[in-house]
Amino acid sequence: MKSFTSSHTSKLKTLPPSIFTIMSKLATAHNAINISQGFPDFDTDPILVELVAKAMRAGHNQYPPMAGIYTLREAICEKIELLYGARYHPKYEVTVTSGATEAIYSSISAFVSPGEEVIVIKPAYDCYEPAILANGGIPVFIQLNNKDFKMDWLDFKSKITPKTRMVIINSPHNPSGTVFSREDMLQLNDALKDTDILLLSDEAYEHIVFDGLSHQSIARYPELVSRSIICASFGKTFHITGWKMGYCVAPKALMQEIQKIHEFNVFSVNHPMQRALAEYLKNTNNYLGLNEFFQHKRDFFLEAINSSRFLYTPSQGTYFQLLDYSQISEEADVDLAKRLTIEHGLASIPISVFNENGIDNKLLRICFAKKDETLKRALDILVNL
């Protein structure tokens, strides 16, 4: 007699475990320095923590409105207008979500139906494809090269078909650390202008851009705004990844559909944290200083890595840096990442898992959103490989 579970499999039955789960478990098992997963090991601003406690003491401990408290949605709209010039209506065009990941999942679920295609730029963060597949969509991949990770816009246009429902972009880009230029955005607009294709923009690292570059948010481009959903992360901005707080903005007609998924997925998200963030956003210095803060950490890391055998191109944004180990080892990147964790006590992320067909370009991703002492310990290992 068959067991009940043997004949009941999920829609994602062939999906392997996330590389983040694998490497974090391995790092814990071997007490390794974890510069793999993208979270800081330094403290959150105590002012923000106290604002949460204050909200709790004030009794804001029950369900907030489904879309988020109005003062936070208002603050989000004010921030976007200040930085990018676009005006979103706080009542109709903003939803506070359980991290950017939920915003992305709810957006894909709202619009992608079985058989429809979604263009995904590889290497890609690993939450896009499962959400597409879970909704019966078909991922269509565009593979960036490993030299400069620039988009081939002719290749992009060639992937658009009558079945294309959505395009997903991510800038600043995880895992490469590159950013889209204004020319890229104009090319994107040109490719989509005569279509009804939706655009999903993952802008989780919008406030972390280096060397005088500027974040080219969708919100800067009125022609793109009308077809676009922007997803963002408070976790990445305010060093609170464990709070799982994010948001998305979109024109009213699109947001109404996203909220239908959001409402029956999580309904609403942490009330006292929303109160705290609404207050914290009033001080623009709390997010406008991130570029300098993280560029210092990037430069500190790269100055030291210069004495190693690793090759690199400086990250343009995010708090990730790719390292080319081709002069050190011929091992597959997954194998090397595991060996470094087990034998040297240092966990990183191999890039092949984010590429189409597992293309291995001998690259590891490290996270430099760490205390200087953590980075020093990691560098002591890396420069001696």
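For the structure given in this document, a descriptive report is provided here. (Residues numbered from 1 in each chain as written. Predicted model: local features only at pLDDT ≥ 70, side-chain atom pairs only at ≥ 80, totals over all residues. Heavy atoms only, no water.)

With that settled, consider the packing of helix α1 (residues 19-29) against helix α14 (residues 333-344). Interhelical geometry of α1 versus α14 gives an angle of 20° and a closest axis separation of 9 Å. Between α1 and α14, the angle falls in the class roughly parallel. Considering how the two elements wind past one another, α1 and α14 form a crossing that is right-handed. For the pair formed by α1 and α14, the contact residues are Ile22, Met23, Leu26 and Ala27 on the first element and Ala337, Lys338, Thr341 and Ile342 on the second. Split into classes, the residues belonging to the contact of α1 with α14 amount to six nonpolar, one polar and one charged. (Axes fitted to C-alpha atoms, helices over the stretch in contact; angles between N-to-C directions. Helix = DSSP H or I, 4+ residues; strand = E, 2+ residues; numbered from the N terminus. Parallel < 35°, antiparallel > 145°, perpendicular 65-115°, else oblique. Left-handed = near helix turned anticlockwise from the far one by under 90°. Contact = heavy atoms within 4.5 Å. Nonpolar A, V, L, I, M, F, W, Y, C, P; charged D, E, K, R; others polar.)

Spatial strand order, β9-β12-β11: three strands in an open sheet with antiparallel pairing. Strand pairing shows two members of the sheet lacking a second neighbour, β9 (320-324) and β11 (349-350), which therefore form its edges. Contacts between α14 and the sheet are confined to β11 and β12 (363-367), with β12 contributing the most and set at about 45° to the helix. (Pairing = 2+ DSSP bridges.)

The next point concerns the packing of aromatic side chains. Tallying each qualifying case throughout the model produces 17 aromatic pairs. Arranged with centres 5.0 Å apart and planes meeting at 80°, the rings of Phe238 and Tyr280 form a pair that is edge-to-face. Here Phe238, found in helix α9 (residues 234-238), pairs with Tyr280, found in helix α11 (residues 271-280); they are 42 residues apart in sequence, far enough to count as distant. Taking relative accessible area as the criterion, Phe238 reaches 4% and is therefore assigned buried. A cation over a ring is seen here: Lys370 above Phe39, with NZ or CZ 4.1 Å from the ring centre. (Phe/Tyr/Trp six-rings, centres within 6.5 Å; stacked < 30°, edge-to-face > 60°. Buried < 20%, exposed > 50% of the residue type's maximum accessible area, 1.4 Å probe, protein only. Lys NZ or Arg CZ within 6 Å of the ring centre and 35° of its normal.)

Attention shifts here to the sheet that holds strand β8 (residues 246-249). As summarised here, the arrangement of the seven strands in space is β2-β8-β7-β6-β5-β3-β4, forming an open sheet in which the pairing is mixed. Looking along the sheet, the strands with just one partner apiece sit at the ends: β2 (94-97) and β4 (138-143). If you compare each strand with its neighbour and ignore which way they point, the axes differ by 20° on average. Contacts between helix α3 (residues 70-84) and the sheet are confined to β2 and β8, with β2 contributing the most and set at about 115° to the helix.

Among the seven residues that make up strand β5 (residues 164-170), six are buried, leaving the element largely enclosed by the rest of the structure. Two elements, strand β3 (residues 117-122) and β5, share four bridges in a ladder whose sense is parallel. Residue pairing for β5: Val120 is matched across the bridge by Ile168. Sheet topology places β5 next to strand β6 (residues 198-202); five bridges connect them, and they run parallel. Each residue of the ladder has a partner; that of Ile168, found in β6, is Leu200. Tracing the backbone out of β5, into helix α7 (residues 182-192) and back to the parallel element β6 gives a crossover that is right-handed. (Right-handed = clockwise from strand over helix to strand, strands pointing away.)

In this model, Lys122 is joined to Pro123 through a cis peptide bond whose omega is 0°. Inspection of the secondary structure puts Pro123 in the loop between β3 and α5 (128-134). With phi around 55°, Asp211 is a residue other than glycine that occupies positive phi space. Mapped onto the elements, Asp211 comes out in the loop between β6 and α8 (222-225). Take Asp211: its relative accessible area is 46%, and that puts it in the partly exposed class.

In this structure, the largest pocket spans a volume of roughly 600 Å³. Those elements that place two or more of their residues in the lining of the largest pocket are α1, α4 (99-111), β3 and α5. Ranked by residue count, the leading element in the lining of the largest pocket is α5, at five residues. Along the lines of polarity and charge, the residues of the lining of the largest pocket split into 19 nonpolar, three polar and five charged. In this model, the second largest pocket occupies a volume close to 470 Å³. Lining the second largest pocket are 23 residues, with Gly38, Thr101, Tyr125, Lys236 and Lys244 positioned closest to its centre. Looking at the lining of the second largest pocket, the elements with two or more residues in it are α4 and α9. (1 Å grid on protein atoms, 1.4 Å probe; cavity = no way out; pocket = protein on both sides within 12 Å on 5 of 7 lines; lining within 4 Å. Points joined across faces, edges and corners; volume = space filled by probe spheres on them.)

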